Amino acid sequence: MGTRLRARSHATLAARRRLEGIGGTGIAIIEMTIGGRTHDVTLKLESENPCGAIKDRTARALIGSLVDAGRLRPGMTIVESSSGNLALALASLAPAFDIGACLVVDPHIAPDKLRRLERTGAQIEMVDRTDAAGNYLHSRLRRVEQLVHDKPGFVWTDQYGSPANPRAHYTGTAPELHAQASLAKLVYVPVSTGGTFAGTRAYFARHAPGTEVVGVDVIGSVALGGSAGPRLLPGIGSSRRSHFVPTDVAVRSSIVDEGRAIACCRALRAQTGIAVGGSSGAALIACADQLADHPSSGPVAVLCPDGGADYTQTIYADDWVSRHKIDLAGTGIEPIERFQRLDRLGPAQGARRVRGRIARTPGHPFYMTTAADSSSPQKGPIHV
Ligand SMILES: Cc1ncc(COP(=O)(O)O)c(C=O)c1O
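Scoring rules and cut-offs
Counting from 1, residues in each chain are numbered in the order their sequence is written. Since the coordinates come from a predicted model, pLDDT governs what is reported: local features require at least 70, and pairs of side-chain atoms require 80 or more to be given and counted, while whole-chain, interface and lining totals use all residues. Starting at the N terminus, helices and strands are each numbered in turn, a helix being any DSSP run of H or I of at least four residues and a strand any DSSP run of E of at least two. Our exposure labels follow a C-beta count within 10 Å of each residue's own C-beta, placed from the backbone: buried means 20 or more other C-beta atoms, exposed means 12 or fewer, and partly exposed covers the counts in between. By the criterion used throughout, residues are in contact when their C-beta atoms, derived from the backbone, lie within 7 Å. Here, axes are lines fitted to C-alpha atoms. For helices the fit covers the stretch in contact, and angles between N-to-C directions go from 0 to 180 degrees. Roughly parallel means an angle under 35 degrees; roughly antiparallel means over 145; roughly perpendicular covers 65 to 115; every other angle is labelled oblique. With the far helix as reference, a near helix turned anticlockwise by less than a right angle produces a left-handed crossing, and one turned clockwise produces a right-handed crossing. Each residue receives one of three labels: charged for Asp, Glu, Lys and Arg, nonpolar for Ala, Val, Leu, Ile, Met, Phe, Trp, Tyr, Cys and Pro, and polar for the others, Gly being one of them. The term nonpolar core means buried Ala, Val, Leu, Ile, Met, Phe, Trp, Tyr and Cys residues held together as one set by C-beta atoms within 7 Å. Segmentation of the chain into domains, including their bounds, is taken from an automatic or database domain assignment. The predictor attaches a confidence to each residue, and that confidence, scored 0 to 100, is pLDDT. By definition, a residue lies near a molecule or strand provided its backbone-derived C-beta atom is within 6 Å of it. Strands are labelled as partners when DSSP assigns at least two bridges between them. Viewed with both strands pointing away, a crossover whose connecting path from the first strand over the helix to the second turns clockwise is right-handed.

A few words on the overall build of the protein. Secondary structure summary: the protein contains 13 helices and eleven strands in total. Every one of the 384 residues in the protein was classed for burial, and the buried ones make up 51%. In the protein, 72% of the contacts between residues at least 6 apart in sequence involve partners at least 24 apart.

A word on the packing of helix H2 (residues 55-68) against helix H3 (residues 85-93). Where H2 meets H3, the closest approach of the two axes is 8 Å, and the angle between their N-to-C directions is 55°. By the angle between their axes, H2 is oblique relative to H3. Between H2 and H3 lies a crossing of right-handed hand. Contacts from Lys55, Asp56, Thr58, Ala59, Arg60 and Ile63 in H2 reach Asn85, Leu86, Ala89, Leu90 and Leu93 in H3. Here the contact of H2 with H3 is composed, by residue class, of six nonpolar, two polar and three charged.

Our focus in this paragraph is the nonpolar core. In this structure, Leu90, Val187, Tyr188 and Val302 are the most contacted members of the largest nonpolar core, which totals 98 residues. Per element, the largest residue contribution to this core is eight residues, and it comes from helix H9 (residues 278-293). When we break this core down by domain, the ones giving at least three residues each are domain 1 (17-53 + 163-365) and domain 2 (55-156). Among all residues touching tyrosine 188, those that are not within four sequence positions of it are Val214, Val216, Ala283, Ala286, Cys287, Val300, Val302 and Leu303.

Quick look at the confidence of the model for the protein now. Of all residues in the protein, 88% attain a pLDDT of 70 or more, and the chain-wide mean is 88. Within the model, pLDDT remains below 50 along residues 348-384, and this stretch shows 57 contacts once partners closer than five positions in the same chain are excluded.

Attention now moves to the site of the ligand. Neighbouring the ligand are 18 residues; Pro190, Thr193, Gly235, Ser279 and Pro305 lie closest to it. Its residues assigned to classes, the shell around the ligand comprises seven nonpolar, nine polar and two charged.

Our focus in this paragraph is the pairing of strand E4 (residues 100-105). Within a regular strand, side chains alternate between the sheet's two faces. Taken across its six residues, E4 has five buried, putting it largely inside the fold. Inspection of the sheet shows strand E3 (residues 77-81) paired to E4 by five bridges, in the parallel sense. Among the inter-strand pairings, serine 81 is bridged to a residue of E4, identified as valine 104. You can see the chain leave E3, run along H3 and come back into E4, and the turn it takes is right-handed. Relative to strand E5 (residues 123-126), E4 is paired through four bridges, and the arrangement is parallel. Bridging across to E5, leucine 103 finds its partner in isoleucine 124. The parallel pair E4 and E5 is bridged by helix H4 (residues 111-119), and the resulting crossover is right-handed.

Moving on, we come to the environment of threonine 200. Structurally, threonine 200 can be placed in helix H7 (residues 195-207). Given 25 C-beta atoms within 10 Å, threonine 200 falls into the buried group. Discounting residues that sit within four places of it in the chain, threonine 200 has contacts with His169, Thr173, Ala174, Val187, Val189 and Val213.

Let us now look at the packing of helix H8 (residues 258-272) against H9. Two elements in contact, H8 and H9, have axes whose closest approach is 7 Å; the angle formed by their N-to-C orientations is 95°. Between H8 and H9, the crossing angle belongs to the class labelled roughly perpendicular. Residues Arg260, Ala261, Ile262, Cys264, Cys265 and Leu268 of H8 pack against Gly278, Gly281, Ala282, Leu284 and Ile285 of H9.

Now for the sheet that holds E4. Within the open sheet, the four strands sit side by side as E5-E4-E3-E6. Their pairing is parallel. Both edges of this open sheet fall to E5 and strand E6 (154-156), since each of them pairs with a single strand only. Looking at each pair of strands side by side, their axes are set apart by 25° on average, direction ignored. Docked against the sheet, helix H5 (residues 137-150) engages E3, E4, E5 and E6, running at close to 160° with respect to E3.

Before going further, it helps to examine unusual backbone geometry. With an omega of 0°, the peptide bond between glycine 298 and proline 299 qualifies as cis. Note that the residue after glutamate 334, namely proline 335, is joined by a cis bond; omega there is 10°. Its identity is not glycine, yet aspartate 158 carries a phi of approximately 55°, on the positive side. Within the secondary structure, aspartate 158 sits in the loop between E6 and helix H6 (164-180). Even without glycine at this site, lysine 325 takes up a positive phi of about 55°. Mapping lysine 325 onto the fold places it in the loop between helix H10 (318-323) and helix H11 (328-331). Judged by the 7 C-beta atoms lying within 10 Å of it, lysine 325 is exposed.

Of all the five residues making up E3, four are buried; the element is thus mostly covered by neighbouring parts of the structure. When E3 meets E6, the two strands line up parallel, connected through three bridges. Across the sheet, threonine 77 pairs through a bridge with phenylalanine 154, a residue of E6.

Below, the structure is given as structure tokens:
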């Protein structure tokens, strides 16, 4: 076998292994002290996916739906606009399908993530033109359109409109979370395209209507109907309204300040050792605001779309924080007084260890069904 062929089959095998490893992510339980009262919060850690983020699930679903529809065949190339995580997931999974990947990204991508993306060997298109609010989405989408028009064999996966996006979370993320935190009354989900939120919301509305799913966005994003403004964090927020989140029914949402989200990420890492991305910090702050106003509204769960490993040069770097004039001391993490880590539960050993924890803490509100239960998501139509 020639060297190039060997390298290609190695990449294919590695991508197939990644594909098989998607989903079944674990949880961590932390304690958050607010107004002198402690609240247990279940964090679902999507950083445990093979490429490090929830977008692995979305990528698998987007590619799969095109393959199933006969619109994507070996030798063709997928193209997508992404702030980072989906780009990395698509680029890492593409070899499993014998397809190429071309990712359109922008300068807000975390440098660590860009380096990982470069190592996949995928084609990277970096746009540089901002819109009036200083964001890049429209510019990225124009470039995608141009590429699909100009290059034969290029197909857009369309994370912004493909029903495969919310479906991935309806059939995967949400049933897992339901099994891991079945008594949660509120579940916080960050929003960008809105696919994760819409799929999760639809699942709980149908299978666990006692649990309300709250969409979390940031100031400056129009994803849930806010006004456009400058934004800093990749992964959360959007310069266009979500196609998946209904506008004709009341949707529960919370819009938070990016500085508070960043301060929250840093405090969580310092006090518990758990490092999450900025969107998770935003969701935690939204959850804390709710518990401060309504202390009895728990138990609560927070979906953490990615971890902190790729943000060592941004949200966890002091010089980046001061360069962007984020006043951490002024912002603080109010109303949170303290975080404490309670437990760390992997998906496989989850049931046994949760039972152990319940034995130690009679009446503990969190209950995890067996690993087998949580890995067999219910299928069904999705209404979003
Ligand atoms: C890092 C990250 N990945 C994924 C998501 C969810 O994205 P979407 O709304 O496009 O499903 C978010 C949302 O905030 C995010 O921050």
